[in-house]
Each structure stands twice: as structure tokens, then as C-alpha cells.
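# Working through the structure, step by step
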Amino acid sequence: RRVLLLGEGNFSFAAALCGARGTQLVATCYESEEEAAGRGGAARSIRRLRDSGAEVVFSVDCAKLKEHFLPGEREFDRIYFNFPHCGRKAGVVKNRELLACFFRSCAEVLAEQGEVHVALCNGQGGTPADQPRREWHNSWQIVAVAAGAGFILSDVHPFKAETVHGYKCTGYRSQDKSFCVEGALNHIFTRSTPPLGLTPVSCETQLGSQKVSFQVPQVLVDKMNRGFLELNSSHPVRTIKEKLSAGLSQAFPLQNISSCLPLLHQGPLHGVCHSSIFWIALSPGEAPSTEETSQGLAKAAWFSHFGQDTDRNVQGGCPIPKQFYLRPSLLPRAQAIMKKGAFSPGTLHVLCGPVFRRCRIAPRSTPVFHEMLAVLAVSRGTEDSCVQMLVDNITTTTSSLCQAVSGVKPSISLQEATSFGTELNDFAAFECQLGEIQHFLCVGTDPDPSGSCVGVIRTAPDELKSSELVVVSASLNLDLLAMLLCGISDWRMLWTSDRRFLQQFPEGELRLFKSFSLYPPSYVHDVSFWVPDRDEFDEVAFHTLARRVSGEMVVSIQLRDSFQQPGTGRRSLCYRVTFQSCDRALGCREAAEMQLRFREEIQQHLGVTLR
């Protein structure tokens, strides 16, 4: 591998590394050879480097690396810069500018999988790893500076100068005073995956017997057809699904009916908040026929369940669907199968697939997640025991997985809907809109032992219109389960395109996740506006616009102030928007540009008046 060392003072660090097998060393310094050789011990280290076959280059500017190496010699696997400094009493701002230029220069000469190592004195970096930690404005803000050039902090550990044989820190370029290396830290940066493109994407799907296409909502462009549940997938969501299915198959005859799940549903929604739905317009000229719409997508089952008929327009004497939407649940599909009679009593029918729900921004609020729905028809009077058997099986499997991953037994509880004491998360709140719930299944792990709702249990006595059978169903949020079991704090990490995520789960093995992007910088912006008088402000639409504009780089939106103007009654809202990525580099300038676009979008689409 090719290793580049920058800012060498007396070349003692480079000399300690020279001769390593399989390493081609290039050691450089900013000064001329004459100036550098005058430092104590430098001439001896330079001779040793050259005798070992290393390359020594002088007058190298860390901000212009591309200029010092020929095109065929620019790919370095590692770049080291120990204790960079502008010299004399340069303040934090000048040193931040030095680092910014350095990282931009590194991006031009670093190999795709390469690393940049930067050693800083204790406190300079401004990360929680510094002890004591300086105030942010008084630090070099190294993670934010690196993010501006497309780098993320992937590791940080103590810089142990005493373990580097012969190393002597020389300190400032223009002074003999050496740096204090006690408590110093080595920061290891890697390239971030590039930002997501905002190119519109069309999706083709089956609607009855006809194939139709539609434009995917922008916030879901990178989440369609990811194949997390496919046979060759090692994603933890699939592993958990397979483990749960294996456990259930030991207690019940099991039939998987996840193939050919319709992506689109149609018609009005009764009891479901419309702002929680991803509404879809079919591409022009692709409206299905009456016969095809009557066949499926589970609308007949769902709407007859709620005593509703399909809302239609009439065009040219032929009724056509008024609206389509991405499936928000697998429950309607299961109900449609039951209505058709293609349902074997006593057999546990399992459906799995992604479902789509617009929701507010929060670490565990997912606009798309993988639902696992288990449905069982049992004899009337035995439903309570079957529910208990179903829950016990899910609980045993989940507890076993958690202990295998973290060595800690989770807190798993089944709480009755009438006495549920914990505030409903978005998953549970939407499930309540779909129909009556008997129990909530909650799983708690450190650092949240109180538990988060990951599943709901329903019994539907009249679902099959039978006096002898009762339908029992369990709906599980596999994404939330994966987060809890693998210690993933942010749902966005499950959907990252960065290869380093799946590399932590070889062949589907569940492990505690270790983030490859440490201490990601956050940027806070406020936005205030007058809301239109005619409507109630749609906060879910507000959050969805933030998702779309930022490419899921908004981590938090908080209402800071609500004000009603005396006399006119006009209402003003002020929100604090926090931009932060869990897996990609996000620089200060990029976040500011997102905020400006967000202001434009809410004004255009929500009809607000900016203040």
C-alpha cells in the first residue's frame, strides 16, 4: 500500500514506519530540504528513509497535493498528518481553514477505500472523544470541516507517541517548542458515499391484470425495490424475519403468502388520516378497466370491512378509480384473501413486505418499513389461548435473538390496548387507525428499557362471517425490531447504501452495530411563517417536505413558538430544524442550501408566508 506522510518535522515518525513489509512510503514536509535537515535528528532520519527505499519530498503544501505528484502516483491508501498547525499563534479559525484545504486536497489523491489519519492535541478536534471537551466555537471542528470535503470520521483513538519507536514531536514549524501530546487523539477519516441524486424515478407494478407505472414520491426514491427480504439478502431485517418464521413454524403449520403483494391500493380511506398516506397518480393513459379494479388490491375487503364503497368518478360512462396510494399495511391483503376463502383454518399465514406511511421526523419514525403479518383462523372460544401461544413464540424468539446479539435479556411485555400507558409511537398510532387492537407488543433494551411498541395483536370475530371461527393476527414492525436488537439508534441507517453497514452482518449474522460515522456534525436552522387562515396547518406535510428537500438529512423538527396576532387572529409558527446525517458527510454550506430550498418549498406547497 502507498502511504503519504505530511508535515514531517524531523522525519522521526516516518523513520519509525519505514521498512514495513508491503508498504511504499512517501514522507514529506513543508520546508525545503536545507531547512528541514537543520532540525535535530532530521538528517539521520532522512538518510534512513532513503536507504530503506522510501521517497522523501520537500516543499510539499498539504493544500495542493495534486500538484506534487504525477497522475499515476496520486492514489494513496493512507495519508497521515500529525499535529497540523499554521504556526505561531494562529487562532482556531485559521487552523480550521488549513484543515479544510487539506481535506479538499486529500480528496484528489486518496484511494477510494483509503484513510486519512489526523492527530490533534487534546481538545482541538471538538468531538466528545476529547476529554475535557472544548466549547464548539473554540475547537477546530474537525468533523464538520472534513464533511465539507466529503469525509466522515470512522474511528478515533489515543495517539500514543511512546509506542512509536524514536518518535519525537517537534512542534510548531517556526518554533522549537514542541506540542503537548499527552491526551492527543488520532482521527481516522474515510470517504463518504456520494449524496443521493434527486432524479425522478418511475415504478412499474401490477394492477389487477394490467401493468401500470407511476412516479415514485421523492422521499422514497432510494427505498423502492431494495430487496432486503430476498433470498440472497444478508440484511438484518431478513434475518429477523426468517428467525421469527422458524420459531412460529414450530408451533403452527405455516404458509408464506408474501409473493405478488399489490404495491398500490385504491379508493377512499375511512378512519385513516389522509396526510399519513402516500397518494399516487398513475402515468397518463394507464387507468385500469372496471373489471381489473374490481379484482383487487384488497380494496373490496378493506372497504367492506369498514362498511364503505369505492369512491369513483365517471368518465365517458365508465367508472374509474378516483385515487391510488402506496400500501400502508398488509392487513387489507390478508382480509382480501380471507374473503375469497383462500384461507386454511388452523394454518398460520405469513405475509411480509415493505409498507409506506407518511410520518413526522424522529429517530424511530419510518416512512417505509418491513411489516410481518401473521394471520390465523381458530375455533371460537380458543382465541385467547392462541393469542397467548402466538405471543409466547414471538417473545421467546425475540428474547433469544437479543441475548445472542448483546448478551442481555430484553424487557418484552404484552399490554392491553385499554391500559396502554406508554405514549404511542407512529407505528402503533397508525395501526390504531386500521381497526380495533387488543394488545400492544413492546420490546425494551438498553438504554430504553421502558420499551417501544413493535407489534400489535388483533382478534376479529366477524372477519370470516362465520359463527365458528375467529381470526387472530399479529403485525410486527421488523425494522424497529432490527434497530432494538442490533443497537441501531437511527432508522435511516437500515436504508443506507454504504457497503460498511451490511459488512457488519456477514451471511445474515446478527451483531451489535458499530457506526462507521462517528460524531456527525449537526446544523440548526429556524424557520418562522404565518399559516394560511383557511386550513389547519398540516405538520406531517411539513415534515415530509423536509425529508424530500434534504434527502433524509433532517434529524429533528421542533415547534419553538406559536403566536397569534392580536386583532387579526393570524397565527405564526416557528420551528427549529436540525440537519444531521447518520451515514454521509454533511457540510455547513450544504445544510444552509437545504434550509433555503426548504423555505422555498413550504412557501410554494403549503401556502405559508415566510417571516
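Residues numbered from 1 in each chain as written. Predicted model: local features only at pLDDT ≥ 70, side-chain atom pairs only at ≥ 80, totals over all residues. Heavy atoms only, no water.

## A word on the sheet that holds strand E11 (residues 264-266)
- A sheet is described by the order of its strands in space; here 3 strands give the open sequence E11-E15-E12, paired in antiparallel fashion. Since the sheet does not close on itself, it has two edges, and those belong to E11 and strand E12 (279-280), each with one partner.
- Here E12 pairs with strand E15 (residues 324-326) via 2 bridges, running antiparallel. Within E15, the position partnered with Ile280 by the bridge is Phe324. (Pairing = 2+ DSSP bridges. Helix = DSSP H or I, 4+ residues; strand = E, 2+ residues; numbered from the N terminus.)

## Side note on the state of the cysteines
- This structure, assessed with the given rule, holds 0 disulfides.
- Cys86 forms no disulfide, and the closest cysteine sulfur to it belongs to Cys62, at a distance of 8.5 Å. (Disulfide = S-S within 2.5 Å.)

## Examining the layout of surface pockets
- Reported here for the largest pocket is a volume of approximately 750 Å³.
- Lining of the largest pocket is provided by 30 residues; of these, Asn225, Leu261, Leu263, Arg327 and Pro354 occupy positions nearest its centre.
- Elements supplying a minimum of two residues to the lining of the largest pocket: strand E8 (202-207) and strand E16 (348-356).
- In terms of residue class, the lining of the largest pocket is built from 14 nonpolar, 9 polar and 7 charged. (1 Å grid on protein atoms, 1.4 Å probe; cavity = no way out; pocket = protein on both sides within 12 Å on 5 of 7 lines; lining within 4 Å. Points joined across faces, edges and corners; volume = space filled by probe spheres on them. Nonpolar A, V, L, I, M, F, W, Y, C, P; charged D, E, K, R; others polar.)

## Points about the pattern of salt bridges
- One pass over the full model with this rule turns up 17 salt bridges.
- When the shortest N-O distance is used, the salt bridge between Arg360 and Glu539 registers 2.8 Å. Highlighted residues: Arg360 in the loop between E16 and strand E17 (368-379) and Glu539 in helix H14 (residues 539-550), separated in sequence by 179 residues.
- Residue class for Arg360 comes out partly exposed when judged on its relative accessible area of 38%.
- One salt-bridge network, held together by shared partners, links Arg238, Lys241 and Glu242. (Salt bridge = Lys/Arg side-chain N within 4 Å of Asp/Glu carboxyl O. Buried < 20%, exposed > 50% of the residue type's maximum accessible area, 1.4 Å probe, protein only.)

## Remarks on the packing of aromatic side chains
- Inspection of the entire model under this criterion finds 25 aromatic pairs.
- Seen from their ring centres, Phe103 and Phe189 are 5.0 Å apart, and the 70 degrees between their planes marks the pair as edge-to-face. Here Phe103, found in helix H4 (residues 92-106), pairs with Phe189, found in strand E7 (residues 185-191); they are 86 residues apart in sequence, far enough to count as distant. This pair shows no difference in class: Phe103 is buried, exactly as Phe189 is.
- For the pair Trp530 and Phe563, a centre-to-centre distance of 6.3 Å together with 55 degrees between the ring planes defines the contact as tilted. Taken together, the positions of Trp530 in strand E22 (residues 523-530) and Phe563 in strand E23 (residues 554-564) put the pair 33 residues apart, joining distant regions of the chain.
- Judged by relative accessible area, which is 11%, Trp530 ranks as buried.
- The class of Phe563 is partly exposed, set by a relative accessible area of 35%.
- One aromatic cluster is present, formed by Phe13, Tyr80, Phe83, Phe159 and Tyr167 through successive ring pairs. (Phe/Tyr/Trp six-rings, centres within 6.5 Å; stacked < 30°, edge-to-face > 60°.)

## Here we look at unusual backbone geometry
- With an omega of 0 degrees, the peptide bond running from Gln131 to Pro132 counts as cis.
- Within the secondary structure, Pro132 sits in the loop between strand E5 (110-120) and helix H5 (142-147).
- One non-glycine residue, Phe11, lies in positive phi territory at about 65 degrees.
- Considering the arrangement of structural elements, one finds Phe11 in the loop between strand E1 (2-6) and helix H1 (12-17).
- With a phi close to 65 degrees, Glu552 is a non-glycine residue in the positive phi region.

## Overview of the sheet that holds E1
- Read from one edge to the other, the open sheet built from 7 strands follows the order E3-E2-E1-E4-E5-E7-E6, with strand pairing classed as mixed. The outermost strands of the open sheet, each flanked by one partner alone, are strand E3 (55-57) and strand E6 (151-158). Direction aside, the axes of adjacent strands within the sheet are offset by 20 degrees on average.
- Two elements, E1 and strand E2 (residues 24-28), share 4 bridges in a ladder whose sense is parallel. Bridging from a neighbouring strand, Leu5 pairs with Ala27 of E2.
- Contacting E1, strand E4 (76-82), E5, E6 and E7, H4 runs over the sheet at an angle of about 155 degrees to E5. (Axes fitted to C-alpha atoms, helices over the stretch in contact; angles between N-to-C directions. Contact = heavy atoms within 4.5 Å.)

## Comments concerning empty space enclosed by the protein
- In total, this model carries 2 cavities of 30 Å³ or more according to the counting rule given.
- Taken together, 13 residues line the largest cavity, and the ones lying closest to its centre are Ile152, Ser517, Pro520, Pro521 and Arg584.
- Every element with two or more residues in the lining of the largest cavity is listed here: H5 and E6.
- Among the elements that take part in the lining of the largest cavity, E6 stands out by supplying 3 residues, more than any other.
- Here the lining of the largest cavity is built from residues that sort into 10 nonpolar, 2 polar and 1 charged.
- The two domains that each donate at least three residues to the lining of the largest cavity are domain 1 (2-191) and domain 3 (523-610).
- One number sums up the size of the second largest cavity: a volume of about 60 Å³.
- A per-class count over the lining of the second largest cavity returns 6 nonpolar, no polar and 4 charged.
- Both domains that furnish three or more residues to the lining of the second largest cavity are identified here as domain 2 (230-262 + 328-508) and domain 3 (523-610). (Domains from an automatic or database assignment.)

## Comments concerning the nonpolar core
- Among the nonpolar cores identified, the biggest contains 97 residues, and Leu220 and Leu326 are the most heavily contacted of them.
- Per element, the largest residue contribution to this core is 9 residues, and it comes from E17.
- Here Leu326 is in contact with Phe214, Pro217, Leu220, Leu263, Leu264, Phe278, Ile280 and Phe356, once residues within four sequence places are set aside.
- Grouped together as the second largest cluster of nonpolar side chains are 35 residues, Val60, Leu99, Val118 and Leu153 included. (Core = buried A, V, L, I, M, F, W, Y, C linked by side-chain atoms within 4.5 Å.)

## Details of the side chain of Ser517
- By secondary structure assignment, the location of Ser517 is in the loop between helix H13 (499-502) and E22.
- On the accessibility criterion, Ser517 (6% relative accessible area) is buried.
- Those residues in contact with Ser517, other than ones at most four positions away along the chain, are Ile152, Leu153, Cys582 and Asp583.

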